[in-house]
Amino acid sequence: MVQAMAEQRSPNVHWHMGQVSRPQREAARGHRGAAIWLTGLSGSGKSTIAVALERVLVERGVSAYVLDGDNLRHGLCSDLGFSHADRTENIRRIGEVAKLFVDAGLIVLCAFVSPFREDRDWVRKRMATGDFIEVHVLASLDACRARDPKGLYQKATQGQIAEFTGLSSPYEPPLQPELTLDTEHSTLEQNVGALLAFLEEHGYLAARAGQPG
Ligand code: ADX
């Protein structure tokens, strides 16, 4: 059993309220905040979609920012490996960071393998309804293996990487993602377009009139 997340070891701390509300921050930016959580196998196309969408959004004046698994493992999560417990801690940290970005009124694009359903659901529960948009970036294991952009599938097959997702460590696909993007049968432009359309249709790119839920 993996250690429960978010155990608090600092009891004598108190929440300090700010003087700027989230609706005020969102009004200043002209759109609401949200976390787009891209999950899928290594090589499925999560980062490619995230950086392409970030560019489109920023060009439209939207405050968007990518949090990427490989990148964050160079800093914030450099002390973590790929055991189940370390991946859980990785997703917990990123989930908390993403929550802060959302509170700041940004659209944060999170590209993480995040293979465990329980970990993703934990992040969803930490956020308000509508703040967490789960996107399954779908490509078959064979396709990811054939792409192998970083040569990791080859290394894992040769026994040089332990606990490799899809080979020696499980991937649990989302049961009810807000969106599924098939990168084997759709182009990058189509997938970025589908995400953009989702954001537009659900009012994410406009400031909210009322209070957030
Ligand atoms: S997660 O499982 O904890 O969500 P994360 O997204 O941060 O993973 O990092 C995954 C990236 O690390 C992959 O894209 C791949 O480049 C690299 N990687 C290195 N070792 C592994 C491994 N054992 N399993 C999966 N990805 C790995």
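Residues numbered from 1 in each chain as written. Predicted model: local features only at pLDDT ≥ 70, side-chain atom pairs only at ≥ 80, totals over all residues. Heavy atoms only, no water.

Asker: Which parts of the structure should I look at to understand the nonpolar core?
Answerer: Where a protein is soluble and globular, its nonpolar side chains tend to be buried together. Ranked by internal contacts, the top residues of the largest apolar core, which has 25 residues, are Ile36, Leu57, Val135 and Leu195. Every element with two or more residues in this core is listed here: strand S1 (34-39), helix H2 (46-59), strand S2 (64-68), strand S3 (107-111), strand S4 (132-138), strand S5 (179-182) and helix H8 (188-201). For this core, the element with the highest residue contribution is H8, accounting for five residues. Ignoring sequence-local partners within four residues, the contact set of Leu57 consists of Val62, Ala64, Ile107, Leu196, Leu199 and Leu205. (Core = buried A, V, L, I, M, F, W, Y, C linked by side-chain atoms within 4.5 Å. Buried < 20%, exposed > 50% of the residue type's maximum accessible area, 1.4 Å probe, protein only. Helix = DSSP H or I, 4+ residues; strand = E, 2+ residues; numbered from the N terminus. Contact = heavy atoms within 4.5 Å.)

Asker: Help me out: how do you make sense of the sheet that holds S1 in this one?
Answerer: Hydrogen bonds along the backbone pair up the strands of a sheet, which may run parallel or antiparallel. The strand order across the open sheet built from five strands is S2-S3-S1-S4-S5, with neighbouring strands paired in parallel fashion. The open sheet terminates on both sides in strands that have one partner only, identified here as S2 and S5. Neighbouring strand axes in the sheet, compared pairwise and without regard to direction, differ in orientation by 20° on average. Taken together, the five bridges between S2 and S3 define a ladder with parallel strand orientation. Each residue of the ladder has a partner; that of Val66, found in S3, is Leu109. The strands that helix H5 (residues 117-126) touches are S1 and S4; relative to S4, the one it contacts most, it runs at about 155°. Lying on the sheet, H8 is in contact with S1, S4 and S5; it crosses S5 at an angle near 165°. (Pairing = 2+ DSSP bridges. Axes fitted to C-alpha atoms, helices over the stretch in contact; angles between N-to-C directions.)

Asker: Just to check I follow, could you spell out the site of the ligand for this structure?
Answerer: Not every one of the 19 residues close to the ligand is listed here, only the nearest: Arg73, Arg87, Asn90, Ser114 and Lys150. Between Val113 and the ligand, the recorded distance is 2.9 Å, taken from a backbone N or O atom to an oxygen atom. At 3.4 Å from a nitrogen atom of the ligand is found a main-chain nitrogen or oxygen belonging to Thr165. Within the complex, 94% of the 560 Å² of free accessible area of the ligand lies under protein. At the level of secondary structure, the elements contributing two or more residues to the shell around the ligand comprise helix H3 (69-72) and helix H4 (84-103). Of the residues forming the shell around the ligand, the biggest block, three residues, is contributed by H4. (Near = heavy atom within 4 Å. Polar contact = N/O pair within 3.5 Å; in protein donor to acceptor, adjacent residues only side chain to side chain. Areas by Shrake-Rupley, 256 points an atom, 1.4 Å probe, with all protein chains shown as cover.)

Asker: Looking at this structure, how should I read H8?
Answerer: Each α-helix turn comprises 3.6 residues. Residues three or four places apart therefore point the same way. Under the 1.5 Å per step criterion, the end-to-end length of H8 is 20 Å for 14 residues, consistent within 8% with the ideal 20 Å. Trailing H8 by a residue or two, Gly203 shows a phi angle of about 75°, which is positive. (Expected span 1.5 Å × (residues − 1).)

Asker: Just to check I follow, could you spell out empty space enclosed by the protein for this structure?
Answerer: Rolled over the atoms, a probe sized like a water molecule indicates the empty space that remains. This model, assessed by the stated rule, comprises one cavity of 30 Å³ or more. Here the largest cavity defines a volume of roughly 30 Å³. As for the largest cavity, its lining consists of Ser42, Gly43, Asp148, Pro149, Lys150, Gly151, Leu152, Tyr153 and Phe164. When grouped by side-chain class, the residues that make up the lining of the largest cavity number four nonpolar, three polar and two charged. (1 Å grid on protein atoms, 1.4 Å probe; cavity = no way out; pocket = protein on both sides within 12 Å on 5 of 7 lines; lining within 4 Å. Points joined across faces, edges and corners; volume = space filled by probe spheres on them. Nonpolar A, V, L, I, M, F, W, Y, C, P; charged D, E, K, R; others polar.)

Asker: Is there a simple way to explain the packing of H2 against H8 in this structure?
Answerer: For any two helices packed against each other, one specifies the crossing angle of their axes together with the interaxial distance. Relative orientation of the contacting elements H2 and H8 amounts to 55°, with a least axis distance of 10 Å. Put simply, H2 runs oblique to H8. In the packing of H2 onto H8, the handedness of the crossing is right-handed. Facing Thr48, Ile49, Ala52, Leu53, Val56 and Leu57 of H2, the residues of H8 in contact are Leu188, Asn191, Val192, Leu195, Leu196 and Leu199. Looking at side-chain class alone, the contact of H2 with H8 contains 10 nonpolar, two polar and no charged residues. (Parallel < 35°, antiparallel > 145°, perpendicular 65-115°, else oblique. Left-handed = near helix turned anticlockwise from the far one by under 90°.)

Asker: I keep staring at the environment of Trp15 and nothing clicks. Help me out?
Answerer: Tracing the backbone through its elements, the reader meets Trp15 in the segment before helix H1 (22-29). For Trp15, a relative accessible area of 76% puts it in the exposed group.

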